[in-house]
Amino acid sequence: MEKQRLKIEDARPLFFKIIYGEDVKQHLQIPGDFMKHLPQEMPNIATLTSPSGTHWRVSVKKDANGTYLQKGWKELLKGNNLGGYEFLTFRYDGKMLFSVQIFNPSAVKREAPLFLVTVLENGVKVDRGKGQLVH
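Predicted, not measured: the structure shown is a model, and the values here were computed from it.

## Quick notes on the overall build of the protein
Point 1. Across its full length, the protein holds 2 helices and 9 strands.
Point 2. As displayed, the protein offers around 9,700 Å² of accessible surface, 53% of which is attributable to carbon and sulfur atoms.

## As for the packing of aromatic side chains
Point 1. Overall, the coordinates contain 10 aromatic pairs when judged by the stated rule.
Point 2. Both rings, one in F15 and one in F34, keep their centres 4.8 Å apart while their planes meet at 65°; by these two values the pair is edge-to-face. Of this pair, F15 sits in strand β1 (residues 14-18) while F34 is found in the loop between β2 (28-30) and β3 (45-49), placing the two residues 19 residues apart along the sequence. This pair shows no difference in class: F15 is buried, exactly as F34 is.
Point 3. Taken together, a centroid distance of 5.8 Å and an interplanar angle of 80° make the contact between F87 and F103 edge-to-face. Placement of the pair is F87 in strand β6 (residues 87-94) and F103 in strand β7 (residues 97-103), with a sequence separation of 16 residues.
Point 4. Three or more aromatic residues joined by ring pairs make a cluster, and in this case those are F15, F34, W73, F90, Y92 and F98.

## Things to note about the confidence of the model for the protein
Point 1. The share of residues in the protein with pLDDT of 70 or more is 81%, and the mean pLDDT across the chain is 85.
Point 2. Long-range and interchain partners of residues 128-135, a stretch whose pLDDT sits below 50, account for 22 contacts in this model, where long-range means more than four residues apart.

## Details of the sheet that holds strand β5 (residues 66-69)
Point 1. The 7 strands are arranged β1-β6-β7-β3-β4-β5-β2 in an open sheet whose pairing can be described as mixed. Of all strands in the sheet, those with a lone pairing partner are β1 and β2, marking the two edges. Within the sheet, the average angular offset between the axes of one strand and its neighbour, ignoring direction, is 35°.
Point 2. Here β3 pairs with strand β4 (residues 55-63) via 5 bridges, running antiparallel.

## Details of the environment of N44
Point 1. Here N44 shows up in the loop between β2 and β3.
Point 2. In this structure N44 touches V58, S59 and V60, once residues within four positions along its chain are discounted.

## Examining unusual backbone geometry
Point 1. One non-glycine residue, M96, adopts positive backbone phi at about 60°.
Point 2. The topology assignment puts M96 in the loop between β6 and β7.
Point 3. On the accessibility criterion, M96 (1% relative accessible area) is buried.
Point 4. A positive phi is found at A107, a non-glycine position, where the angle reads about 75°.

Cut-offs and rules
- Residues numbered from 1 in each chain as written.
- Predicted model: local features only at pLDDT ≥ 70, side-chain atom pairs only at ≥ 80, totals over all residues.
- Heavy atoms only, no water.
- Helix = DSSP H or I, 4+ residues; strand = E, 2+ residues; numbered from the N terminus.
- Areas by Shrake-Rupley, 256 points an atom, 1.4 Å probe, with all protein chains shown as cover.
- Phe/Tyr/Trp six-rings, centres within 6.5 Å; stacked < 30°, edge-to-face > 60°.
- Buried < 20%, exposed > 50% of the residue type's maximum accessible area, 1.4 Å probe, protein only.
- pLDDT = per-residue confidence, 0-100.
- Contact = heavy atoms within 4.5 Å.
- Pairing = 2+ DSSP bridges.
- Axes fitted to C-alpha atoms, helices over the stretch in contact; angles between N-to-C directions.

Below is the structure:
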């Protein structure tokens, strides 16, 4: 008897962006053709989930030139050490929730960073691989 393989394809829509140039470091324009997947009455906030599981709340602004992710976008770039030639995919999970995958300039998917945790008297300090204070 011959085994059959099931092919399960993720039908959630996605778009990609290469982090290059000054415009994308200020805001991210959602491609016009992608807008058909988003609600007509679009909320002012989108939530982007990075590979580490961190949720980034980013403002959504629409004008005559397009729809943009703005406030909070720079923080996502900084928090994920993004700055040049990374390739990002944005998979739409519905209700203005996006899962973000990051690929290095060498085209290799970046894994979630490891966290070092130091317990302090006043709370928990979480350091990323490069010693950045997160909480």
